[in-house]
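# Architecture at a glance
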Amino acid sequence: MADHHNGLSFLESVDHMVDRALLSMDLAPDVAEAIKACNAVIQVKFPVKIRGKVQIFSGWRAVHSTHRLPAKGGIRFAPCVDQNEVEALAALMTYKCAIVDVPFGGSKGGLMIDPRQYDRDEMQLITRRFTLELVRKGFLNPATNVPAPDMGTGQREMAWMADTYKHLNPDDINYTACVTGKPVEHGGIQGRTEATGRGLQYALQEFFRHPDEVKAAGMEPDLAGKRVVVQGFGNVGYHAAKFLQEENDCRIIGVIDRHGMLHNAAGIDVEVAYRYRVEHRSFKDFAGGEYTENGAKGLESECDILIPAALEGQISADNAARIQARLIIEAANGPVTFEADQILNKRGVVIIPDAYANAGGVIVSYFEWIRNLSHIRFGRMQRRFDEVRGHYQIEALESLTGKVLPQALKDKIDAGASELDLVRSGLDDSMRQAFQGILEVRNGNEKITDLRTAAYVTAIRKIARSYLDVGIY
Ligand code: NAD
């Protein structure tokens, strides 16, 4: 969507950010070009008979890189998807996977559709038909190209896609691994739906473990009590806001959706607001805050942390100078344009970039894919074993000391890890490690001053290494 990026298309905006990172590296220009190029993209147009009339739908799937397989990335259902957007998002997936050490290439898909115009049965028909196109053309397969949910898609669509693939490939024993983000009953993994919001929470927690970073952002230490504004109250925005409020004592003072903004300086009860919005489809007349229709203006509200979790191009040269937050953490893909990024960097506003901040989804998708290939739930073999061993440890401790451990401590020691525990632990570890890797790169190169450039340098180094090791052919 070129207009959101002040003349630059979304893809150009991403490429400019990558070029800026390349300036601080010593990489052969041809290797850099090979990394930036989108490997393949298909457009499909297919007919579906809806309410007695044939409608033609357009969809895309871009594969940015195949240096690791499968190529991985969500499928978006939105009215204004186009090829440029899908290519930009596929490129971001390549860098994202590299930053958080997920051994996948980058891909992304989109279907031009307004899902609100169709009922459930119609959506199923359209999704299955789109899947058929992707499978037949080799753009959906557990070994080479694995989609996941994105804007406008969720578990429901992933279940339809997996089922369509299974019918077309009944002899593929790994068919459930053809998409991630499935319902748990259909091969999904615990914790995938919340994963991107959860990952964002872990990223913020990690940021606040580095006092120098917090100070440089001009903020007081401690995540607790920070005033947060969230744009987008879908899967990612809702979960991020919920966890930050419930577990980190952040004050969620603003929530922006496509219709407007809900504001309450004393803090919005996220769960109550979410339920109200599901029922009424808007925050209008919600008693727990003040509602205004100019949502875009809400991005400029006074707050400590701004979480854009809706669309690309929301913070551009038009409004970057008026953003009051000290820290922006990009939950959406590409919410800050290249020009806005430069303005914000000059103003000293710290940005935790999308390619790192919203990687929770792909990290847990990686866990789901492994679970599907191994055909066993994580923890199934060792949970009871750990429980018994914990029990013996408690007994040993109590008999040696002659004291009784408090029950709450006993419960912690003898609990075997559930799949959700393991997923959250793996996600937390991945987010921490990746952030530390980004800081290390930034601190080791005086040409790099911002986290985004450092994140891209981290990614490009790893991808270049893999190209140089096996050669480009
Ligand atoms: P979603 O469809 O669940 O929610 C999108 C939200 O954005 C909705 O609340 C909608 O009301 C809001 N919105 C749409 N247009 C808006 C506008 N103009 N102004 C304000 N709000 C608007 O989508 P999602 O899965 O939460 O994805 C949101 C963003 O996060 C996207 O950029 C997506 O690419 C990115 N992302 C998602 C995942 C994932 O796991 N779902 C992973 C990584 C990145």
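All of the points below concern the structure found in this document.

Cut-off values and rules
Residues numbered from 1 in each chain as written. Predicted model: local features only at pLDDT ≥ 70, side-chain atom pairs only at ≥ 80, totals over all residues. Heavy atoms only, no water. Helix = DSSP H or I, 4+ residues; strand = E, 2+ residues; numbered from the N terminus. Rg over C-alpha atoms; globule rule 2.2 N^0.38 Å. Buried < 20%, exposed > 50% of the residue type's maximum accessible area, 1.4 Å probe, protein only. Areas by Shrake-Rupley, 256 points an atom, 1.4 Å probe, with all protein chains shown as cover. Lys, Arg positive; Asp, Glu negative; His and termini not counted. Charge placed at Lys NZ, Arg CZ, Asp CG, Glu CD. Near = heavy atom within 4 Å. Polar contact = N/O pair within 3.5 Å; in protein donor to acceptor, adjacent residues only side chain to side chain. Nonpolar A, V, L, I, M, F, W, Y, C, P; charged D, E, K, R; others polar. Disulfide = S-S within 2.5 Å. Core = buried A, V, L, I, M, F, W, Y, C linked by side-chain atoms within 4.5 Å. Contact = heavy atoms within 4.5 Å. Pairing = 2+ DSSP bridges. Axes fitted to C-alpha atoms, helices over the stretch in contact; angles between N-to-C directions. Parallel < 35°, antiparallel > 145°, perpendicular 65-115°, else oblique. Left-handed = near helix turned anticlockwise from the far one by under 90°. Right-handed = clockwise from strand over helix to strand, strands pointing away.

## Re the overall build of the protein chain
Within the protein chain, the secondary structure is distributed over 17 helices and 13 strands. The C-alpha radius of gyration of the protein chain comes to 23 Å, within 12% of the 23 Å expected for a compact globule of 473 residues. With respect to the principal axes defined by its C-alpha atoms, the protein chain has extents near 75 × 55 × 55 Å. Buried residues in the protein chain amount to 57% of all 473 residues. For the protein chain, the computed accessible surface area is about 20,600 Å², with 50% contributed by carbon and sulfur atoms. Charge separation in the protein chain, taken as the distance between the mean sites of 56 positive and 62 negative side-chain charges, equals 3 Å.

## A word on the site of the ligand
Around the ligand, the surrounding shell holds 22 residues, and the nearest of these are R76, D150, T196, N235 and N333. Interatomic distance of 3.1 Å between a backbone N/O atom of G234 and an oxygen atom of the ligand. Taking A310, its main chain carries an N or O atom lying 3.2 Å from an oxygen atom of the ligand. Contact with the protein chains hides 87% of the accessible area of the ligand, taken as 830 Å² for the molecule alone. Counted by class, the shell around the ligand contains 8 nonpolar, 8 polar and 6 charged residues.

## Topic: the state of the cysteines
Applying the stated rule across the entire model yields 0 disulfides. This cysteine, C97, is not joined by any disulfide, and C38 carries the nearest cysteine sulfur, 14 Å off. Between C178, a free cysteine, and C97, which holds the nearest cysteine sulfur, the sulfur-to-sulfur gap is 17 Å. With relative accessibility at 0%, the residue C178 sits in the buried group.

## Side note on the nonpolar core
In globular proteins that are soluble, nonpolar side chains generally tend to be buried together. Counting 94 residues, the largest nonpolar core has F207, I307 and Y356 as its most contacted members. Among the elements that make up this core, the one with the highest residue count is helix 17 (residues 451–470) (10 residues). Excluding residues within four positions of it along the chain, I307 makes contact with L200, V228, V229, V230, Q231, L244, I329 and A331. Counting 27 residues, the second-largest nonpolar core is a separate cluster that includes V48, Y118, M161 and V179.

## Looking at the sheet that holds strand 7 (residues 227–231)
Strand order in this open sheet of 7 strands is 10-9-8-7-11-12-13, and the pairing throughout is mixed. Each edge of the sheet is formed by a strand with only one pairing partner; in this case those strands are strand 10 (290–292) and strand 13 (350–352). Taken over all neighbouring pairs, the strand axes of this sheet differ in orientation by 20° on average, direction set aside. Sheet analysis places strand 12 (residues 327–329) next to strand 13, joined by 3 bridges and oriented parallel. Residue I328 lies in a different strand from strand 13, and its bridge partner there is I351.

## Brief notes about the pairing of strand 4 (residues 75–78)
With burial as the criterion, each face of strand 4 is covered, one bearing I75 and F77 and the other bearing R76 and A78. Note that strand 4 and strand 5 (residues 105–112) share 4 bridges and pair parallel. When the sheet's bridge partners are listed, A78 is paired in strand 5 with M112.

## Describing the packing of helix 4 (residues 120–136) against helix 5 (residues 155–168)
Interaxial distance between helix 4 and helix 5 falls to 9 Å at its minimum, and their mutual angle equals 50°. Here helix 4 lies oblique to helix 5, going by the angle between them. In this structure, helix 4 crosses over helix 5, and the sense of that crossing is right-handed. Contacts from R120, M123, Q124, T127, R128, T131, L132, L134 and V135 in helix 4 reach R156, E157, W160, M161, D163, T164, Y165 and L168 in helix 5. Its residues assigned to classes, the contact of helix 4 with helix 5 comprises 8 nonpolar, 4 polar and 5 charged.

## Considerations on the environment of D257
By the element assignment, D257 lies in the loop between strand 8 (251–256) and strand 9 (261–263). Exposure remark for D257: the relative accessible area of 8% places this residue in the buried category. Sequence-distant contacts of D257, that is, excluding residues within four places in its chain, are made with R277, S282 and F283. Polar side-chain contacts of D257 include one of 2.9 Å to the backbone nitrogen of H259. At a separation of 2.7 Å, a polar atom in the side chain of D257 contacts the side chain of R277.

## Things to note about the pairing of strand 7
Put simply, side chains in a regular strand alternate between the two faces of the sheet. Counting buried residues in strand 7 gives 4 out of 5 residues, a clear majority hidden from the surface. Note that strand 7 and strand 8 share 5 bridges and pair parallel. Its bridge partner being in strand 8, V230 is matched across the sheet by V255. Taken together, strand 7, helix 8 (residues 235–248) and strand 8 form a β-α-β motif whose crossover is right-handed. As defined by bridge partners, strand 7 adjoins strand 11 (residues 305–308) across 4 bridges and the pair is classed as parallel. By the bridge assignment, Q231 is partnered in strand 11 with P308.

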